[in-house]
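Listed below, chain by chain, are the residues.
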Amino acid sequence: MKIRRDSRALTAAYRGDIILRSITFFYIGLLIILPIVAITSSAFKGGLANLFKQIVQPQALHALKLTFMITGIMVAVNVVTGTLFAWVLVRYRFPFKKVVDALVDIPFAIPTVVTGMMLVVLYGPRSTIGKFLEGHGIEVMFNTPGILLALAFVSFPFVVRSVQPVLMEMDKDMEEAARTLGASNVVIFFRIVLPTLLPAILTGAALSFSRALGEFGSIVVVAGNIPFKTQVSSVYIYGEIESANIQSALGTAVVLLASSLAVLILLNFIQRWSSKYEIKN
Amino acid sequence: MRSKIEHGNSTIDVLAVRSGRARRQDIGKWVLTGIALSWFSILILFPLWGIFKETVKSGLSTFVTSLSTPSSLHSFMLTVVITTLAVAINTVIGTIMAVVFARQNFKGKLFMESLLDLPFAVSPVVAGFMFILLFGPNGWIGSWFESMNIKIIYALPGMVIATLFVTLPFVAREILPILREFGREQEEAAATLGASQWQTFRRVTLPSIKWGLAYGVTLTIARSIGEFGAVLVVSGSIINKTQTATLMIHDQFTGFNYAGAFSAAMVLAVVSFIILNVIHIVYEKKEKKELL
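Reading the values: rules and limits
- Residue numbers restart at each chain and count upward from 1, following the sequence in its written direction.
- Starting at A for chains and at 1 for ligands, labels are handed out in the order in which the entities are written.
- Where local features are concerned, this predicted model is filtered to residues with pLDDT of at least 70; where side-chain atom pairs are given and counted, the filter is 80 or more; whole-chain, interface and lining totals use all residues.
- Under the DSSP-based scheme used, a helix requires at least four consecutive residues in state H or I and a strand at least two consecutive residues in state E, with every element numbered from the N terminus.
- For a compact globule the rule gives 2.2 Å times the number of residues to the power 0.38, and the radius of gyration it is set against comes from C-alpha atoms.
- Put simply, a residue is buried when 20 or more other C-beta atoms lie within 10 Å of its own C-beta and exposed when 12 or fewer do; between those, it is partly exposed, and each C-beta is set from the backbone.
- Placing a C-beta atom from the backbone of each residue, one calls two residues in contact when those atoms lie within 7 Å.
- When buried Ala, Val, Leu, Ile, Met, Phe, Trp, Tyr and Cys residues are joined through C-beta atoms within 7 Å, the set is termed a nonpolar core.
- Take the number of residues in a helix, subtract one, and multiply by 1.5 Å to get its expected span.
- Note that the bend at a residue is defined as the angle between axes fitted to the seven residues ending at it and the seven residues starting at it.
- The classification used treats Ala, Val, Leu, Ile, Met, Phe, Trp, Tyr, Cys and Pro as nonpolar, Asp, Glu, Lys and Arg as charged, and all other residues, Gly among them, as polar.
- Domain boundaries shown here were taken from an automatic or database domain assignment.
- Predictor confidence is given residue by residue as pLDDT, running from a minimum of 0 to a maximum of 100.
- Lines are fitted to the C-alpha atoms to define the axes, a helix being fitted only along its stretch in contact, and any angle between axes, read from their N-to-C directions, falls within 0 to 180 degrees.
- Oblique is the label for every angle not falling under 35 degrees (roughly parallel), over 145 degrees (roughly antiparallel), or within 65 to 115 degrees (roughly perpendicular).
- Crossing chirality is assigned from the near helix's rotation relative to the far helix, an anticlockwise turn below a right angle marking it left-handed and a clockwise turn marking it right-handed.

A. Structural detail: the overall build of chain B. Assigned secondary structure in chain B consists of 14 helices and zero strands. Taken against the 2.2 N^0.38 rule, which gives 19 Å for 292 residues, the C-alpha radius of gyration of chain B at 27 Å runs more than 25% over that of a compact globule. Counting all 292 residues of chain B, 43% fall into the buried class. Of the contacts made within chain B by residues no fewer than 6 positions apart, 75% connect residues no fewer than 24 positions apart.

B. Representation of the overall build of chain A within the structure. When you go through chain A residue by residue, the secondary structure sums to 13 helices and zero strands. Helices and strands appear in chain A in the N-to-C order α-α-α-α-α-α-α-α-α-α-α-α-α. Overall, the C-alpha framework of chain A stretches about 90 × 65 × 35 Å when taken along its three principal axes. Taking all 281 residues of chain A together, 41% fall into the buried category. When contacts within chain A are restricted to residue pairs at least 6 apart in sequence, those whose partners lie at least 24 apart make up 77%.

C. How the structure looks around the nonpolar core. Among the nonpolar cores identified, the biggest contains 154 residues, and A:Met117, B:Val126, B:Phe129, B:Ala162 and B:Ala265 are the most heavily contacted of them. Once residues within four sequence positions are removed from consideration, B:Val126 is found in contact with A:Gly214, A:Ile237, A:Ala253, A:Leu256 and A:Leu257.

D. Highlighting helix H10 (residues 185-214) of chain A. Taking 1.5 Å as the rise per residue, H10(A) with 30 residues should run 44 Å; its terminal C-alpha atoms sit only 38 Å apart, a clear shortfall. The principal kink in H10(A), of about 55°, is found at A:Leu194, preceding the proline A:Pro195 by one to four residues.

E. Structural context of the interface of chain A and chain B. The interface is formed by 64 residues belonging to chain A together with 64 residues belonging to chain B. Among the elements that take part in the side of chain A that touches chain B, helix H1 (residues 2-45) of chain A stands out by supplying 18 residues, more than any other. Residues that form the side of chain A that touches chain B fall into these classes: 49 nonpolar, 12 polar and three charged.

F. Spotlight on the domain arrangement of chain B. Entries for chain B in the domain assignment read domain 1 (2-58) and domain 2 (60-291). The distance between the C-alpha centroids of domain 1 of chain B and domain 2 of chain B comes to 41 Å.

G. How the structure looks around unusual backbone geometry. Residues and elements named next belong to chain A. A positive phi angle, close to 60°, is found at Phe142, a residue other than glycine. Here Phe142 shows up in the loop between helix H7 (128-135) and helix H8 (144-169). The backbone phi angle of Phe228 is positive, close to 65°, even though this residue is not glycine. Mapping Phe228 onto the fold places it in the loop between helix H11 (217-222) and helix H12 (233-242).

H. Up close: the environment of B:Asp117. In this fold, B:Asp117 is placed in the loop between helix H5 (109-115) and helix H6 (118-121). Ignoring any residue separated from it by four or fewer positions in sequence, one finds B:Asp117 in contact with A:Leu264 and B:Pro169.

I. Spotlight on the confidence of the model for chain A. Of the residues in chain A, 95% have a pLDDT of 70 or more, and the chain-wide mean is 88. Across chain A, element-level confidence peaks in helix H3 (residues 58-91) of chain A with a mean pLDDT of 95 and bottoms out in H7(A) with 83.

J. Molecular detail of the packing of H8(A) against H10(A). All names here are of chain A. Look at H8 against H10: their axes get within 8 Å of each other, and the N-to-C directions meet at 160°. Classified by the angle between their axes, H8 and H10 sit roughly antiparallel to one another. The way H8 lies across H10 gives a crossing that is right-handed. On the side of H8, the interface is formed by Leu151, Val154, Ser155, Phe158, Val159, Ser162, Val163, Val166 and Leu167, while H10 contributes Thr196, Leu197, Ala200, Ile201, Thr203, Gly204, Ala205, Leu207, Ser208, Arg211 and Ala212.

K. Region of the structure containing the domain arrangement of chain A. All names here are of chain A. We note that the domain assignment places domain 1 (1-45) and domain 2 (47-280) within chain A. Centre-to-centre, using C-alpha coordinates, domain 1 lies 36 Å away from domain 2. Opposite the five residues of domain 1 that make contact, domain 2 presents six residues. Split by residue class, the side of domain 1 that touches domain 2 holds three nonpolar, two polar and no charged.

L. The arrangement of the environment of A:Phe142 in detail. All names here are of chain A. Assessed through the 19 C-beta atoms surrounding it within 10 Å, Phe142 is described here as partly exposed. The sequence separation of Phe142 and Ile226 amounts to 84 residues, and the corresponding C-alpha distance is 8.7 Å. With near-sequence residues (within four places) excluded, Phe142 lies in contact with Ala223, Gly224 and Thr230.

M. Inspection of the environment of A:Phe228 at higher detail. All names here are of chain A. C-beta crowding within 10 Å serves as the criterion here: with 10 such atoms nearby, Phe228 is assigned to the exposed category. Sequence separation of Phe228 and Lys65 is 163 residues, and the distance between their C-alpha atoms is 10 Å. If sequence neighbours within four positions are ignored, Phe228 has contacts with Gln59 and His62.

N. Examining the confidence of the model for chain B more closely. Summarising the model, chain B shows a mean pLDDT of 86, and 91% of its residues fall at 70 or more. Between residues 1-12 of chain B, whose pLDDT stays under 50, and residues either more than four places distant or in other chains, the model counts eight contacts.

O. Examining the packing of helix H6 (residues 112-123) of chain A against H8(A) more closely. Residues and elements named next belong to chain A. For the pair H6 and H8, the least separation of the axes is 10 Å and the interaxial angle reads 130°. Taken as axis vectors, H6 and H8 run oblique relative to one another. Crossing of H6 over H8 shows right-handed handedness. Of H8, the residues touching H6 (which contributes Thr112, Thr115, Gly116, Leu119 and Tyr123) are Gly146, Leu149, Ala150, Phe153 and Val154.

What follows is the structure in structure tokens.
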């Protein structure tokens with residue numbers, strides 16, 4: 001009798017597991033796997049040659065080049081400023097530090113359209129700063145610097161937030177030992193601090209790369225979206241969908257999607273590499 | 001100076017070296033802090049102040065009238081509806097997914113789990129595009145619904161699906177590491193004592209993941225309210241029908257209705273500011289809980 005009750009409880013538990021697992025499979029299947037299968041199969045339906053032709057159309061290609069170039073510059077900027085910012089937040093004391101620390105997350109919380117508008121208000125041609133810069137021949141808004149600024153804003157927290165915790169846990173012993181032995185600050189940073197932070201910096205860089213590559217809301221407000229000049233790939237895709245050019249939208253979309261997948265794989269690789277490194281030490 | 005230390009002449013020289021070095025470090029500290037804070041101001045503080053000033057300039061009455069137009073009210077209502085649905089669904093299913101990935105073993109688990117991060121990496125426009133292809137009137141699933149006269153794209157269901165996609169990882173990703181850390185022992189003990197799966201979850205698992213769950217939910221709310229690209233693509237942004245708050249702001253801004261755009265943007269900025277504070281409080285509670 002007792003055995004039968006136990007086995008019944010076990011089957012109930014097993015049934016519960018199966019139900020939960022099915023929900024997980026269904027949800028990920030419907031929202032992630034099926035859409036990706038749908039977009040890749042539509043993209044390759046016309047054959048590889050046709051897809052390639054869509055990707056290298058002059059307007060699409062220009063947008064892709066611009067997107068990758070600006071994203072590249074922005075990631076470099078973010079790596080430097082983000083690491084510096086995390087360093088200042090962890091190691092130094094200054095007034096309003098807590099408030100500043102909390103405000104780092106604001107780009108995650110503020111809607112991207114609002115971000116774009118804020119930048120136009122401040123740096124646009126009608127503003128004081130915008131007029132001043134234009135007087136010196138620098139057009140920020142509706143031009144490439146504006147896109148850079150928008151991307152830097154939306155991806156600012158990534159590097160800071162991935163480096164900060166590592167820096168907090170890092171022991172100062174090695175740095176102090178190096179200092180006692182006469183190493184300069186520059187040597188200490190490049191030989192001791194940077195190697196420890198590298199996996200975190202790379203993770204932050206990969207995250208801001210994928211975010212910047214796909215960013216739409218802030219750019220659509222800030223960039224002016226002039227084809228062959230300030231039109232990035234996400235805006236190009238949107239324009240092609242709106243004018244029902246599904247084929248050309250598919251070409252660029254597939255490139256962006258493949259890049260996101262590559263970044264995900266890279267992130268997995270970095271995480272595995274850094275955890276191996278931790279065990280070794 | 002260094003040679004003097006090597007000769008070991010006097011302690012005063014050593015102190016002089018130390019203080020010289022300390023002074024240089026002090027300068028370095030202030031320079032670095034200065035650079036970091038200036039960049040932060042140019043990028044984040046000044047723009048925040050700019051939008052605040054712009055809204056104040058147009059005055060309170062403009063603020064109220066532009067927010068109380070029917071289309072504006074409708075867009076805010078729609079944002080609330082979509083956010084509520086997305087948060088409810090993704091909280092429940094996000095928790096289920098985290099439990100499945102943390103507690104079960106099956107073939108292809110690693111693959112499924114890495115797919116979970118995909119919405120963070122995919123461009124919102126591409127996401128919206130994928131859902132048009134799948135749920136549009138000619139899509140694989142969409143054509144089936146079309147035959148039953150149910151519209152998904154350019155209607156509310158499509159907008160909810162797009163929001164579900166972009167916010168899918170938040171809850172699951174927040175809970176998953178906590179569940180792994182927490183381990184199975186206590187759950188197994190409860191099960192041995194005769195608790196059902198649901199009782200075990202509610203009495204043992206839930207209290208331990210509570211703050212992680214709350215953190216994931218706040219992130220989901222913030223992202224749902226702010227989502228623009230994916231929702232724009234699947235909704236068509238039809239006034240009084242499929243226009244959410246962010247879509248309305250963009251529409252008014254491009255139509256040079258700055259007063260309306262800035263008033264609504266100010267509301268969203270304030271809401272995100274509140275959410276940000278909640279996020280911070282919840283995050284601190286979560287960290288404290290994990291330390292204990």
